[in-house]
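# Examination of the molecular architecture
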Amino acid sequence: MKWTIGALLKRATEILRERGSRSPRLDAELLLSYSLGFKSRVELYTNFDRPLTEEEVENYRKLIVRRAKGEPVAYITGRKEFFGFSFKVERGVLIPRSETELLVEVVYERVKDKEGLKIIDVGTGSGCIAISLCKLTKNKHEIIGVDISEKALKVAKENAENLSCPVEFKKSNLLKEINEKVDVVVSNPPYISFDDKRVDREVVKFEPAVALFAGKTGFEVIESLIKEAREKLKPGGFIALEFGEGQGERVKELLEERGFKGVKIFKDLSGIDRVALGVKEDV
Ligand SMILES: C[S@@+](CC[C@H](N)C(=O)[O-])C[C@H]1O[C@@H](n2cnc3c(N)ncnc32)[C@H](O)[C@@H]1O
């Protein structure tokens, strides 16, 4: 049988749906446009009736097999869109999530009219938060991304270079290697407890544990980070943190216990509390 783009997409979508993908059509499209070297998925539709060679079908089949076994699309294609920018990702580095765009928005709103702030992104991973902030603020601030993972730092540096962003990246356990006072601490830290059964098996199998799990309660990293941020922030500076479903109240308490003022919680697009912001009082 001679496959066309349209027919192959339909078949791949059925296979991925049967294998439990939550977004079978999107996955099928992303993988086919990647496999054919297209710049965007739109090209699939402008070439819908184009027949494919046997080699093209075979290459695509291999990708669909990987996806059907649970490998995330972003690790297969090596790319993930975040805030409209394309980031390189690979095994060992967390795939940026759309929820995290809220964290970038919350910080951007508060720094967009200022200049020369020192902003630290803790647990930078692919660098998606630090680099998006750098792009959005047009290099007006000094942004540093830190991570405990060498692999994450390598990928983050490549992303900064590809997106022409002068973000500095540094190995550090939370803020321990930051020796000066800063204006903003932003972080999407690990916040899942070891025995949280809600985590997708696919995520646990393919994504790095150090990026996901925080300890017995899930608050261990957040708690240490809030404590360290209290020491490193300048008076009037702020911390913005992402956290998991159901953690908002405790994160608010932790911030207030450490003396942060005006603590606010922001909801993501699904209406779930997702980001906390606290200001270090002027003293
Ligand atoms: C949830 S991921 C976030 C990655 C990226 N910022 C994002 O939003 O996609 C958490 C990141 O924190 C890093 N990390 C975990 N423990 C850390 C620590 N103690 N100090 C610094 N980074 C840490 C992990 O390597 C991982 O890259």
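Keep in mind it's a predicted model, so treat the numbers as computed, not measured.

Cut-offs and rules
- All residue numbers refer to position in the chain's written sequence, counted from 1.
- For this predicted model, a pLDDT threshold of at least 70 governs which residues receive local features, and a threshold of 80 or more governs which side-chain atom pairs are given and counted, while totals over whole chains, interfaces and linings are taken from all residues.
- Hydrogen atoms and water are omitted, and side-chain values are computed over all heavy atoms in the structure.
- UniProt positions are given in the numbering used here, feature names are shortened, and annotations may be inferred rather than shown by experiment.
- Only DSSP runs of H or I covering at least 4 residues are called helices, and only runs of E covering at least 2 are called strands; the numbering of each starts at the N terminus.
- Three labels apply to residues, based on accessible area from a 1.4 Å probe with only protein chains included: buried if under 20% of the type maximum, exposed if over 50%, partly exposed otherwise in between.
- His is not counted, nor are the chain ends; Lys and Arg add positive charge and Asp and Glu add negative charge.
- Here a salt bridge means any side-chain nitrogen of Lys or Arg lying within 4 Å of a carboxyl oxygen belonging to Asp or Glu.
- Residues count as neighbours in contact if any of their non-hydrogen atoms are within 4.5 Å of one another.
- The term nonpolar core refers to a set of buried residues drawn from Ala, Val, Leu, Ile, Met, Phe, Trp, Tyr and Cys, joined through side-chain atoms within 4.5 Å.
- Within 6.5 Å between ring centres, the rings of Phe, Tyr and Trp (the latter by its six-membered ring) count as paired, and their orientation is classed by plane angle as stacked under 30 degrees, edge-to-face over 60, tilted in between.
- The term polar contact refers here to a pair of N or O atoms within 3.5 Å; inside protein, the definition further demands a hydrogen-donor-capable atom paired with an acceptor-capable atom, and it admits residues adjacent in sequence only when both atoms are side-chain atoms.
- Any residue with a heavy atom positioned within 4 Å of a molecule or strand is treated as near that molecule or strand.
- Under the convention used here, a 1.4 Å probe and the Shrake-Rupley method define accessible areas, while residue burial counts only the protein chains that appear.
- Residues were grouped as follows: Ala, Val, Leu, Ile, Met, Phe, Trp, Tyr, Cys and Pro as nonpolar; Asp, Glu, Lys and Arg as charged; and all remaining residues, including Gly, as polar.

## A short note on the UniProt feature "domain: Methyltransferase small" (unreviewed entry) in the protein chain
The feature "domain: Methyltransferase small" (unreviewed entry), as annotated in UniProt, sits at residues 100-193 in this numbering. Taken end to end, residues 100-193 comprises 36% helix and 24% strand; its first and last C-alpha atoms sit 19 Å apart.

## Concerning the side chain of Glu242
Positionally, Glu242 belongs in strand 9 (residues 233-242). An unpaired buried charge is present at Glu242: no salt bridge exists, and Arg274, the closest side chain of opposite charge, is 4.4 Å distant. Other than its neighbours up to four places away in sequence, Glu242 contacts Glu99, Thr100, Leu103, Ser187, Asn188, Pro189, Tyr191, Ile222, Arg274 and Val275.

## Focus on the nonpolar core
Grouped together as the largest cluster of nonpolar side chains are 33 residues, with contacts concentrated most on Val185 and Ile239. At the level of elements, strand 3 (118-122), strand 4 (142-147), strand 6 (182-187), strand 8 (213-215), helix 11 (220-232), strand 9, helix 12 (248-257) and strand 10 (260-267) are the ones that each hand at least two residues to this core. At five residues, helix 11 tops the list of elements feeding residues into this core. The residues touching Val185, leaving out its near neighbours within four places in the chain, are Ile120, Val122, Leu175, Leu225, Ala229, Leu233, Phe238, Ile239 and Ala240. Formed by 32 residues, the second largest nonpolar core is a distinct cluster that contains Phe87, Ile129, Ile143 and Phe238.

## Here we look at the packing of aromatic side chains
Enumeration according to the criterion identifies four aromatic pairs in this entry. Feature note: the residues Phe82, Phe83 and Phe87 constitute an aromatic cluster, connected by ring pairs.

## Side note on the pattern of salt bridges
Summed over all chains, the structure comprises 29 salt bridges. The partner of Arg25 in a salt bridge is Glu29, with the nearest N and O atoms 2.9 Å apart. Of this pair, Arg25 and Glu29 both sit in helix 2 (residues 24-35), four residues apart, roughly one helical turn. Its relative accessible area of 28% is what places Arg25 among the partly exposed residues. Residue classification places Glu29 among the buried positions, given a relative accessible area of 5%.

## Here's the deal with the side chain of Asp121
By secondary structure assignment, the location of Asp121 is in strand 3. It is Lys157 that comes nearest to the buried, bridge-free Asp121 among opposite-charge side chains, at 14 Å. A polar side-chain atom of Asp121 sits 3.4 Å from the main-chain amide nitrogen of Ala130.

## A look at the site of the ligand
The ligand sits among 19 residues. The nearest are Gly123, Asp147, Asn173, Leu174 and Asn188. Separating a nitrogen atom of the ligand from a side-chain N or O atom of Asn173 is a distance of 2.8 Å. In this structure, Leu174 approaches the ligand through a main-chain N or O atom, which is 2.8 Å from a nitrogen atom. In isolation the ligand exposes 590 Å². Once the protein is present, 94% of that is buried. Those elements that provide at least two residues to the shell around the ligand are helix 7 (128-136) and helix 10 (209-212). Within the shell around the ligand, the residues separate by chemical class into 10 nonpolar, eight polar and one charged.

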